[in-house]
Amino acid sequence: MTGSPLSKSPATGPVLIGIDAGTTTIKAIAFAPEGSVLAQAAAPTPTHHPRPGWAYHHPEELWQTVVGLLRDLTARLAAPHRIASVAIASVGEAAVPLDAHGRPTYEMIAWFDTRTVAQAEWLGRVVGGRRIFEVSGLALQPIFGLCKLLWLRDQAPDAYARTARWLNTADYLAYRLCGVQATDFSLASRTLALDVRRRCWAGDLLAEIGIPPHLFAPLQASGTPLGPVLPEVAAATGLPPQTRVAVGGHDHVCGALALGVVEPGTALNSLGTAEAVFLPIIAPLDDPRLAEQGYAQGLHVDGEHAYALGGLYTSGACVDWFRAACAPAVDYATLISEAEAIPPGSVGVCFLPHLRLANPPYLDAKGRGAFVGLSADVTRGALFRAVLEGMACEVRHTLEPLLGFTSTPLRRIVATGGGARNTLLIRIKAAVLNQPLYVSHVQEATALGAALLGGLGAGVYTGVDNALAAVRQPETAVTPDPEWAAFYARLYAEVYRHLYTTLRPLHHALAPFREGE
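All values reported here derive from a predicted model rather than from experimental measurement.

Some thoughts on the overall build of the chain
And then number 1: When you go through the chain residue by residue, the secondary structure sums to 18 helices and 23 strands.
And then number 2: Taken over the C-alpha trace, the chain has a radius of gyration of 22 Å; the compact-globule value for 517 residues is 24 Å, and the two agree within 12%.
And then number 3: Overall, the chain is about 65 × 55 × 45 Å in size when its C-alpha atoms are taken along their principal axes.
And then number 4: Across the 517 residues that make up the chain, the buried fraction comes to 60%.
And then number 5: Long-range pairs, those at least 24 residues apart, make up 74% of the contacts in the chain between residues at least 6 apart in sequence.
And then number 6: In the structure as shown, the chain presents an accessible area of about 19,100 Å², 54% of it carried by carbon and sulfur atoms.
And then number 7: Of note, the chain has its 39 positive side-chain charges centred 1 Å away from the centre of its 44 negative side-chain charges.

Right under this line is the structure:
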């Protein structure tokens, strides 16, 4: 568990805590109302990998990690009695099944777990991808919450029979904090069970597949106050008893809120373990091709807009995989330095970053990654540069079709997340997109977005506009190098955009050879 040094917060004013429950790390961060970080603590997300393609969290381990972080955080604050609120942002497709007494009935299947392919295929046969899209606004993919709930029904019927509530990650942690069960519209948007246009649970669709709608928590707007922390939680964490818990949201969407990406014409490129390309839109889109190409949409935490979403299921995960597999004793700075010494094009090597499944505009759970163009001249630096170039090209490959579904020209792209601190990657990406990237200096946008929602729930802000007006959002513009842009335009047109379609038959042929498929 790590944390910042003891922080002397301003002498007066409320303190807002945002929790970012991510794929690899959980962070608890205390903010002043204008967005400055007062103290922070972080720990790895406890995750178990029992077999290839499977991953899960123990709910109690997850909760105890959060308790420890909050205890560490409050100890670091000079004035913990001024903590006004807590809200949580989390990954969007993992949930905890609870019995009528609030006890977990089964493990928490990780969002990226692939065991639910059969359930997605069953939904496709029984309901159909077109109807799923018409109701939920989503492409039918195995990662979504409803597929996990169906897996529980099919494979762990005793646990399913005892399940009375299905709580998304942020909702479960909020419930443990204050004892109130609720979910917001952005997390509900990742279940396949939300009628995204009517803003209610899709009762007819759920009845059709035999899932009781009451398994899903009451819907509340992000920032809605839920109540004070429970006395035993206050004692265990050091939070003052009057701390208010508010409804949080989906991590990428909370990050967009913190960075002011709420109006159409702006975009957020959030670079974490996974990578999101997030476009605010006025209302959910009706074109079924959106789903057929693997894109998602949902409801924004700002309470007014919707969003369309593409991106990479593995982004930072590609970098972590490369280091673990090819350079386990080498730090990231060395890898980046070696890649900087390689000219654009990586000595003729291209990388397809589909390490979990194919990314939009393809809907293919059997898609996988690849290096192509290997030769005896290829060094580790060339391979790592190829990884970065492949990630950048993949963002262009997912962004351009998504923009085609909207009618608003893209004026501005804001980049955030851990990957945005990789300056070489950002320079490559600006050149590949041939558009400036505005790299936010807000390093913990997801947690800040959650903290803003907590501030709304505690009455620190009068509304979203008031919250955004109060928060400082410093950034740096990274403009494309013209020579790099010209080179990457050719590489993308002549090679990269053909990689997936060329390799698809081979990846599908390899699927039976992968253990568990």
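The rest of the description comes next.
Structural notes on the packing of aromatic side chains
And then number 1: Under the criterion given, the structure shown has 15 aromatic pairs.
And then number 2: Judged by centre distance (5.8 Å) and plane angle (55°), the rings of Tyr106 and Trp151 are tilted. Here Trp151 lies in helix 4 (residues 145-155) and Tyr106 lies in the loop between strand 7 (95-98) and strand 8 (108-109), a separation of 45 residues in the sequence.
And then number 3: Note on Trp151: relative accessible area 6%, which makes it buried.
And then number 4: For the pair Trp321 and Phe322, a centre-to-centre distance of 6.5 Å together with 65° between the ring planes defines the contact as edge-to-face.
And then number 5: Given a relative accessible area of 34%, Trp321 falls into the partly exposed group.
And then number 6: Overall, the relative accessible area of 0% leaves Phe322 in the buried class.

Some points on the pattern of salt bridges
And then number 1: Scanning all chains against the criterion turns up 20 salt bridges.
And then number 2: One salt bridge connects Lys27 with Glu444, and the closest N-O pair in it is separated by 3.0 Å. In this pair, Lys27 is assigned in strand 3 (residues 25-31) and Glu444 in the loop between strand 22 (437-440) and helix 16 (445-457), connecting sequence segments 417 residues apart.
And then number 3: Relative accessible area serves as the criterion here: at 14%, Glu444 is assigned to the buried category.
And then number 4: For Glu275, the salt bridge identified is with Lys429, shortest N-O distance 2.4 Å. Remark: Lys429 occurs in helix 15 (residues 423-433) and Glu275 occurs in strand 16 (residues 275-281); sequence separation between them is 154 residues.

Conventions used here
- Residues numbered from 1 in each chain as written.
- Predicted model: local features only at pLDDT ≥ 70, side-chain atom pairs only at ≥ 80, totals over all residues.
- Heavy atoms only, no water.
- Helix = DSSP H or I, 4+ residues; strand = E, 2+ residues; numbered from the N terminus.
- Rg over C-alpha atoms; globule rule 2.2 N^0.38 Å.
- Buried < 20%, exposed > 50% of the residue type's maximum accessible area, 1.4 Å probe, protein only.
- Contact = heavy atoms within 4.5 Å.
- Areas by Shrake-Rupley, 256 points an atom, 1.4 Å probe, with all protein chains shown as cover.
- Lys, Arg positive; Asp, Glu negative; His and termini not counted.
- Charge placed at Lys NZ, Arg CZ, Asp CG, Glu CD.
- Phe/Tyr/Trp six-rings, centres within 6.5 Å; stacked < 30°, edge-to-face > 60°.
- Salt bridge = Lys/Arg side-chain N within 4 Å of Asp/Glu carboxyl O.

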